Amino acid sequence: MPKALADYLGYCIYFWIGDGKEPIHVHVSKGDPQKDATKIWIKEDGIELAHNNSHIPSKDLKAMLTFIELNKDDIVLQWMNVFKAGEYKG
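Residues numbered from 1 in each chain as written. Predicted model: local features only at pLDDT ≥ 70, side-chain atom pairs only at ≥ 80, totals over all residues. Heavy atoms only, no water.

Enquirer: Go over the overall build of the protein with me, naming the residues and quoting the values.
Expert: Counting its regular elements, the protein contains two helices and five strands. Counted from the first residue to the last, the protein has its helices and strands arranged as β-β-β-β-β-α-α. Against the 2.2 N^0.38 benchmark of 12 Å for 90 residues, the protein shows a C-alpha radius of gyration of 12 Å, consistent with a compact globule. Sorting the 90 residues of the protein into buried and exposed places 36% on the buried side. Considering only intrachain contacts with a sequence separation of at least 6, the fraction spanning at least 24 residues in the protein is 40%. Total accessible area on the protein stands at roughly 5200 Å², and carbon and sulfur atoms take up 52% of it. Side-chain charges in the protein split into 11 positive and 13 negative, and the spacing between the mean points of these groups amounts to 2 Å. (Helix = DSSP H or I, 4+ residues; strand = E, 2+ residues; numbered from the N terminus. Rg over C-alpha atoms; globule rule 2.2 N^0.38 Å. Buried < 20%, exposed > 50% of the residue type's maximum accessible area, 1.4 Å probe, protein only. Contact = heavy atoms within 4.5 Å. Areas by Shrake-Rupley, 256 points an atom, 1.4 Å probe, with all protein chains shown as cover. Lys, Arg positive; Asp, Glu negative; His and termini not counted. Charge placed at Lys NZ, Arg CZ, Asp CG, Glu CD.)

Rendered as structure tokens:
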């Protein structure tokens with residue numbers, strides 16, 4: 001079950017409930033949330049694209065990565081509120 005965080009450029013940014021044992025990350029997809037959607041790790045010093053399974057075009061993906069980087073502190077706070085714990089990807 002997804003937990004929507006934001007919409008940006010027509011894409012949904014969300015957590016997948018059940019992912020709380022993994023390092024902090026978000027999924028991104030257009031349309032219905034999918035567990036195998038594009039995944040972006042939140043790192044202490046930035047972000048890292050895990051994979052682009054949603055096949056987001058490069059121009060949109062670049063803008064999405066910038067948006068997530070600029071909002072990573074809020075994403076971490078929301079992760080902690082949802083999962084009650086979390087760690088950065090090493």
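Anyway, onward from the coordinates.
Enquirer: Account for the pattern of salt bridges, with residues named and values stated.
Expert: Pairing between side chains of opposite charge can happen when their charged atoms approach one another. With the rule as written, the count across this model stands at three salt bridges. For Lys35, the salt bridge goes to Asp19, with nearest N and O atoms at 2.7 Å. Of this pair, Lys35 sits in the loop between strand E3 (25–29) and strand E4 (38–43) while Asp19 sits in the loop between strand E2 (11–16) and E3, and the two are 16 residues apart along the sequence. Its relative accessible area of 2% is what places Asp19 among the buried residues. The closest approach of N and O atoms between Lys39 and Glu22, which form a salt bridge, is 2.7 Å. Here Lys39, found in strand E4, pairs with Glu22, found in the loop between E2 and E3; they are 17 residues apart in sequence, far enough to count as distant. Take Lys39: its relative accessible area is 11%, and that puts it in the buried class. (Salt bridge = Lys/Arg side-chain N within 4 Å of Asp/Glu carboxyl O.)

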